[in-house]
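Below, each chain spelled out in residue letters.
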Amino acid sequence: MNIQHILSEKIKQAMISSGAEQNVEALVRQSGKPQFGDYQANGIMGAAKKLGLNPREFAQKVVDNIDSDPLIEKLEIAGPGFINIFLNPVWLSEQVKNALHDQKLGISIKQQQTVVVDYSSPNVAKEMHVGHLRSTIIGDGVVRALEFLGNKVIRANHVGDWGTQFGMLIAYLEKMENENASEMELSDLEAFYREAKAHYDNDPVFAEKARNYVVKLQGGDEYCRTMWKKLVDITMQQNQRNYERLNVTLTEKDVMGESLYNPMLPGIVADLKAKGLAVEDDGALVVFLEEFKNKDGDPMGVIVQKKDGGFLYTTTDIAAAKYRYETLKADRALVFSDTRQSQHMQQAWLITRKAGYVPDSFSLEHQNFGMMLGKDGKPFKTRTGGTVKLADLLDEAVERADKLIAEKNTNLTDAEKQAVVEAVAIGAVKYSDLSKNRTTDYVFDWDNMLSFEGNTAPYMQYAYTRIHSIFSKSGIDPDTLKGPINLTEDKERTLALKLLQFEESVTVVAKDGTPHVLCQYLYELAGIFSSFYEACPILNAEEEVKQSRLQLASLTAKTLKQGLELLGIKTVEKM
Ligand code: ARG
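Below is a summary of the structure that appears in this document. (Residues numbered from 1 in each chain as written. Predicted model: local features only at pLDDT ≥ 70, side-chain atom pairs only at ≥ 80, totals over all residues. Heavy atoms only, no water.)

## Some thoughts on empty space enclosed by the protein
- The tally for this structure, following the rule as stated, stands at two cavities of 30 Å³ or more.
- By volume, the largest cavity amounts to about 60 Å³.
- Lining the largest cavity are Met1, Ala99, Leu105, Leu499, Leu500, Gln501, Phe502, Glu503, Leu555 and Thr559.
- Mapped onto the lining of the largest cavity, the elements with two or more residues apiece are helix H18 (490-500), helix H19 (502-512) and helix H21 (543-566).
- For the lining of the largest cavity, a count of residues per class yields seven nonpolar, two polar and one charged.
- Computed from the structure, the second largest cavity encloses a volume of approximately 40 Å³.
- Contributing to the lining of the second largest cavity are Asp317, Ala320, Ala321, Arg324, Ala333, Val335, Met345, Trp349 and Leu364. (1 Å grid on protein atoms, 1.4 Å probe; cavity = no way out; pocket = protein on both sides within 12 Å on 5 of 7 lines; lining within 4 Å. Points joined across faces, edges and corners; volume = space filled by probe spheres on them. Helix = DSSP H or I, 4+ residues; strand = E, 2+ residues; numbered from the N terminus. Nonpolar A, V, L, I, M, F, W, Y, C, P; charged D, E, K, R; others polar.)

Structural data, given as structure tokens:
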């Protein structure tokens, strides 16, 4: 149920009937305070001004033009011309009933766009680091929200699997194979890369071979191609283990690495040149962009082909944007990467648009994010200053969650305990990231994320088990609940309304790529449920009231579970 959307449409129509333009906006928002109703329309003043009317008079006209509707109990004009909207509890209770019996909890709007989501995107023969962790979990949360609302999502894992470093990597892989190196050594990609580089820098024969291999690889040489594929496969198998542990939906089928676009690059560069966008500059091909200035205040030059003929990260992203529109027929393409790549993305896309590769209607969105910081406020690193391996980070999370759960002294079987530890550990790491506005840096803090208080995964998971236990302790099957849902008490009404706002929060996540909006919603829902539960006895109430309140409890549990699932966070029945 998207109440905000229904009300926006209704009020917009009434505004048009009252003389406003077709494209007027009602600006309906959830109200901050109950005395201002459940929702308020903030668009009246602006529209009245355009029409040269007194805002309160215009508001009255609009209100008069809204037919009586089962959804609305009353409308009030407030302040300079707001319309406060009070919803009808009978209607609310019917909607709760519908949501309770709907698999998708009453989602009313079916979105049908094709959306390419470029996320995770690690690099071959390198360990995934914390930047990829952020991209992976935030991207996956948005993917799930988009799919839940009905969109077709194409996951594009833009793996860094191309470039001059592959000559050196192939040469080193060959050396290791000749020396019968164990699997073990390959599992440490960071060390592999380091060693390859050391050989390249210090051994001229090795370096010569490496340079030769780059040329051969680019020329499609079969041996080099096979060795390259091995490197990609080893890396992606290791990453796949991380994805599975993280409960992320990416699979090997979603890899659309940089190499995919490589064959398109010569054609694109030639075309940019023919269109007069790319010009020769000191041997390289450069696009000068008026929209970006260099330090001298002149148009900034973006290289699309180096002097030696090599292509760049930007060239690939121009091709990727074109491909996503032209071949994948997407309506939107989102890229989840670090804020430090913002300028790069904007430049690549500006060139894409100038070249006419995509129409204005095709939306290119950089869903950038800030850095993950250590408790000292500096970029998150190991104690010795190295990059933190994702696998190690997850091991530590499990270790810490294990201690935490052991302290709780619950009567769980070993298997149950194991499931709780895993859900809490991974949930905590993910939720602490997802619950922050992605655009700012955030401090990675074990103690905070593993706390049972505040907006954390353990708190949310625990809130879910508490509701679950109302049913398991009383032996009541939630599917057998019946009778009307009464919203007579304030707390009942508040809970019902909040439950019906689930779709609104998921819609924002899908539109803006901001999973923290869903976290905030779920956190508030859990809090509202707690106060409802304190004020309104459930199991001791008389039968009809009990059935009614249990239905509210059941929908709360379902919503928490579904919401956490959209964030890729597991729930358990008891903990
Ligand atoms: N592989 C890149 C990195 O590790 C991220 C790629 C982001 N996506 C893109 N289309 N540029 O930084």
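## Describing the pairing of strand E11 (residues 363-366)
- Bridge analysis of strand E10 (residues 332-335) against E11 gives four bridges, and the strand direction is parallel. By the bridge assignment for E11, Leu334 is matched with Glu365.
- Assessed by its sense of winding, the connection that carries the chain from E10 through helix H13 (residues 342-354) to E11 is right-handed. (Pairing = 2+ DSSP bridges. Right-handed = clockwise from strand over helix to strand, strands pointing away.)

## A look at the site of the ligand
- Lining the immediate environment of the ligand, one finds Asp118, Ser121, Asn123, His132, His158, Tyr313, Asp317, Val335, Gln341 and Met345.
- Ser121 is positioned with one of its backbone polar atoms (N or O) 3.0 Å from a nitrogen atom of the ligand.
- With respect to the ligand, the side chain of Asn123 contributes an N or O atom lying 3.0 Å from a nitrogen atom.
- Judged by the fraction of its atoms near the pocket grid, the ligand is located in the largest pocket.
- Counted by class, the shell around the ligand contains three nonpolar, five polar and two charged residues. (Near = heavy atom within 4 Å. Polar contact = N/O pair within 3.5 Å; in protein donor to acceptor, adjacent residues only side chain to side chain. Sits in = over half its atoms within 2 Å of the grid points.)

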